[in-house]
Amino acid sequence: LRDKIRGIKPEDVADESHQEKVVDVVGDAPFNEDRPRDFPYRPTLAWVEVSKVKIDDSEDHRYKRDYDTKPGERIAASWSWPRLDAIKVNIRPEDPTQTMWLVDGQHRSGGALLAMGEHPRLPALIYRMPYEMEAEIFGRQDEGRSRVPSFIKLRALYRGDVASAVELWEALAEMGIRLGES
């Protein structure tokens, strides 16, 4: 997989047409025989128009927090494609309208609308699963994840040449303090 990713040339993704280009970085990656071959609810990755994605806040389907405009405004003010994770969308098999329901990413979607106008497109993981599984996915989305420790974030920002992190890193070094570098 690393070789395939390394094989992607900047010109493959650098121009504006990258939004429509599919780059296969997995291809014939080795398969782990200890795991089942048919994982249920495997998503599709695609670009979706945010205005076509709906938030289901009906009383019998409500599971997300209320939309707060401030996070969307912060996202729009500092819009950054590299910092953007794909939103999660579900097309419920039991829904004859085939509506795309937003599972996760309402603030990113709101930020995109503010930053890019009426018809922004965002990368999305598109699932086809029953409503109950959709709600469970939202409820369990942070399980099994660990937060990145602050000193590792600082080190990454220092290596990324972020001025405030460089200043702090160098001040700590002057005091003889080395973070996470053993």
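Each remark here, short or long, concerns the structure printed above.
Residues numbered from 1 in each chain as written. Predicted model: local features only at pLDDT ≥ 70, side-chain atom pairs only at ≥ 80, totals over all residues. Heavy atoms only, no water.

Concerning the overall build of the chain
Applicable threshold: Only DSSP runs of H or I with at least four residues qualify as helices, and only runs of E with at least two residues qualify as strands; both kinds are numbered from the N terminus onward. We call two residues in contact when some of their heavy atoms are within 4.5 Å. Areas reported as accessible are Shrake-Rupley estimates using a 1.4 Å probe. Residue values count occlusion only from the protein chains shown.
The helix and strand tally for the chain stands at 7 helices and 5 strands. Counting only contacts in the chain whose residues sit at least 6 apart along the sequence, the fraction spanning at least 24 positions is 72%. Accessible surface for the chain amounts to roughly 13400 Å². Of this, 52% is attributable to carbon and sulfur atoms.

Here's the deal with helix H7 (residues 163–174)
Formally: In a helix, the anticipated span is given by 1.5 Å times the number of residues less one. Buried means the residue's accessible area, taken with a 1.4 Å probe over protein chains only, is under 20% of the maximum for its type, while exposed means over 50%, and partly exposed covers the values in between. Arc definition: directions from the helix axis to the C-beta atoms.
Counted at 1.5 Å a residue, the expected span for H7 with its 12 residues is 16 Å, and the 16 Å between its end C-alpha atoms agrees. Among the residues of H7, those classed as buried are Ala165, Val166, Trp169 and Leu172. Axial view of H7: buried residues confined to an arc of 130 degrees, hence all on one face. Residues of H7 that are exposed and angled more than 90 degrees away from the buried face: Ala163, Ser164, Glu167 and Glu174. Looking at the packing, one finds that the buried side of H7 touches helix H6 (150–159). Of the residues trailing H7, glycine 176 is marked for its positive phi of about 80 degrees.

So, the pairing of strand S4 (residues 100–104)
Put simply, the rule reads: When DSSP finds two or more bridges between a pair of strands, those strands are recorded as paired.
In terms of residue burial, S4 counts as a mostly covered element, since 5 of its 5 residues are buried. Note that strand S2 (residues 53–54) and S4 share 2 bridges and pair parallel. Note on S4: the bridge partner recorded for valine 53 is methionine 100.

Topic: the pattern of salt bridges
As a reminder of what qualifies: Salt bridge, as used here: a side-chain nitrogen of Lys or Arg that lies within 4 Å of a carboxyl oxygen of Asp or Glu.
Evaluation of the coordinates by the stated rule reveals 5 salt bridges. Residue arginine 92 is joined to glutamate 134 by a salt bridge in which the shortest nitrogen-to-oxygen separation is 2.9 Å. With arginine 92 in the loop between strand S3 (87–91) and S4 and glutamate 134 in helix H5 (residues 131–139), this pair connects stretches of sequence that are 42 residues apart. Owing to a relative accessible area of 4%, arginine 92 belongs among the buried residues under this scheme. Glutamate 134 sits in the buried class, given a relative accessible area of 0%. Salt-bridge contacts for glutamate 143 lead to arginine 140; the nearest nitrogen and oxygen are separated by 3.1 Å. Salt bridges sharing common partners tie together Asp56, Arg92 and Glu134.

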